[in-house]
Amino acid sequence: STVTFKGLQSGGEESTLAQIQASHDGTSDDEKGDLIFKVNDGSDGASPTERLRIGSDGATTITTEGNEDTLTLVSTSANAFSGPTLSLYRNSSSPADSDVIGVVAFNAENDADEIVNYSSLKGFISDASDGTEDGQLNINTIVGGTSRQRIKMDSTETVFNEEGIDLDFRVESDGNANMLFVDGGNNSVLVGANEA
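I would appreciate a short explanation of the overall build of the protein in the present structure.
When helices and strands are counted, the protein shows 0 helices and 13 strands. Helices (α) and strands (β) of the protein occur, in sequence order from the N terminus, as β-β-β-β-β-β-β-β-β-β-β-β-β. On C-alpha atoms alone, the protein measures out to a radius of gyration of 25 Å, which is more than a quarter above the 16 Å that the 2.2 N^0.38 rule sets for 196 residues. Looking at the protein as a whole, 18% of its 196 residues qualify as buried. Within the protein, counting contacts between residues at least 6 apart in sequence, those at least 24 apart form 10% of the total.

Written out as structure tokens, the structure reads:
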């Protein structure tokens, strides 16, 4: 079923502005459905472009064509509390240590048309015990085709390059690009220089 919204252009022509479509997801002989929202981008005629899809499993996809903000959260509150807030909530009935509780994945295609996870933020439960809860946050990037943990923050330490790959760490000052330099390949720490 489709609900179509039409309007008149400035020249009096009728055009299709938007549609809300409910449809079978088409994957099997069952009752699963999709809810699809379409809008006219100014050149769609009577066939507006899909912009949002809610699948039968609740997975939601928002599609844009340009580089505009895909999703904007706005709070107009004038009080002293934080806002807007993006909350990732894993509502598990059996939380346990080491559970992954949220991932922000940065994906793109490589030159072979394959989808690659180039970097990610990943949250964990380190300790799920009531009163002594601990959390962990990892930052990963792909290096030489393999996802590598670059930074790990847990309840006892912050670790750079825990996987021990040949990776340098550098801190710049106002006038020195190598104020602090950790040479991953040569196992050395330098101050004010990048070579001994």
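From this point, the narrative continues.
Where do I start with the pairing of strand S1 (residues 2–8) in this structure?
The pairing of S1 with strand S2 (residues 14–24) spans 7 bridges and is antiparallel. Bridging from a neighbouring strand, leucine 8 pairs with glutamate 14 of S2.

It is not clear to me how unusual backbone geometry should be interpreted in this structure. Could you clarify?
In terms of backbone geometry, most residues other than glycine have negative phi values and most peptide bonds are trans. The omega torsion across glycine 83 and proline 84 is 0 degrees, close enough to zero to call that bond cis. Following the sequence through the fold, proline 84 ends up in the loop between strand S5 (60–62) and strand S6 (100–109). With phi around 65 degrees, aspartate 113 is a residue other than glycine that occupies positive phi space. Within the fold, aspartate 113 resides in the loop between S6 and strand S7 (115–127). In this structure, asparagine 161 is a non-glycine residue whose phi angle is positive, near 60 degrees.

I'm lost on the packing of aromatic side chains in this one. Help?
For any pair of aromatic rings, geometry is given as the distance between the ring centres together with the angle between the planes. Under the definition given, this model contains 1 aromatic pair. Relative to phenylalanine 169, the ring of phenylalanine 160 has its centre 4.8 Å away and its plane inclined at 55 degrees; by these criteria the two rings are tilted. Judged by relative accessible area, which is 30%, phenylalanine 169 ranks as partly exposed.

When you look at the sheet that holds strand S8 (residues 134–143) in this model, what are you seeing that I'm missing?
Think of a sheet as strands paired side by side through backbone hydrogen bonds, with each pair either parallel or antiparallel. The 5 strands lie next to each other as S6-S7-S8-S9-S10, forming an open sheet whose pairing is antiparallel. Edge positions in the sheet fall to S6 and strand S10 (158–160), since each of these pairs with one other strand and no more. For this sheet the average axis-to-axis angle between neighbouring strands, irrespective of direction, equals 25 degrees. Strand direction decides the pairing type here: S6 and S7, joined by 9 bridges, are antiparallel. Bridging from a neighbouring strand, alanine 108 pairs with valine 116 of S7.

What counts, and where the lines are drawn
- Residues numbered from 1 in each chain as written.
- Predicted model: local features only at pLDDT ≥ 70, side-chain atom pairs only at ≥ 80, totals over all residues.
- Heavy atoms only, no water.
- Helix = DSSP H or I, 4+ residues; strand = E, 2+ residues; numbered from the N terminus.
- Rg over C-alpha atoms; globule rule 2.2 N^0.38 Å.
- Buried < 20%, exposed > 50% of the residue type's maximum accessible area, 1.4 Å probe, protein only.
- Contact = heavy atoms within 4.5 Å.
- Pairing = 2+ DSSP bridges.
- Phe/Tyr/Trp six-rings, centres within 6.5 Å; stacked < 30°, edge-to-face > 60°.
- Axes fitted to C-alpha atoms, helices over the stretch in contact; angles between N-to-C directions.

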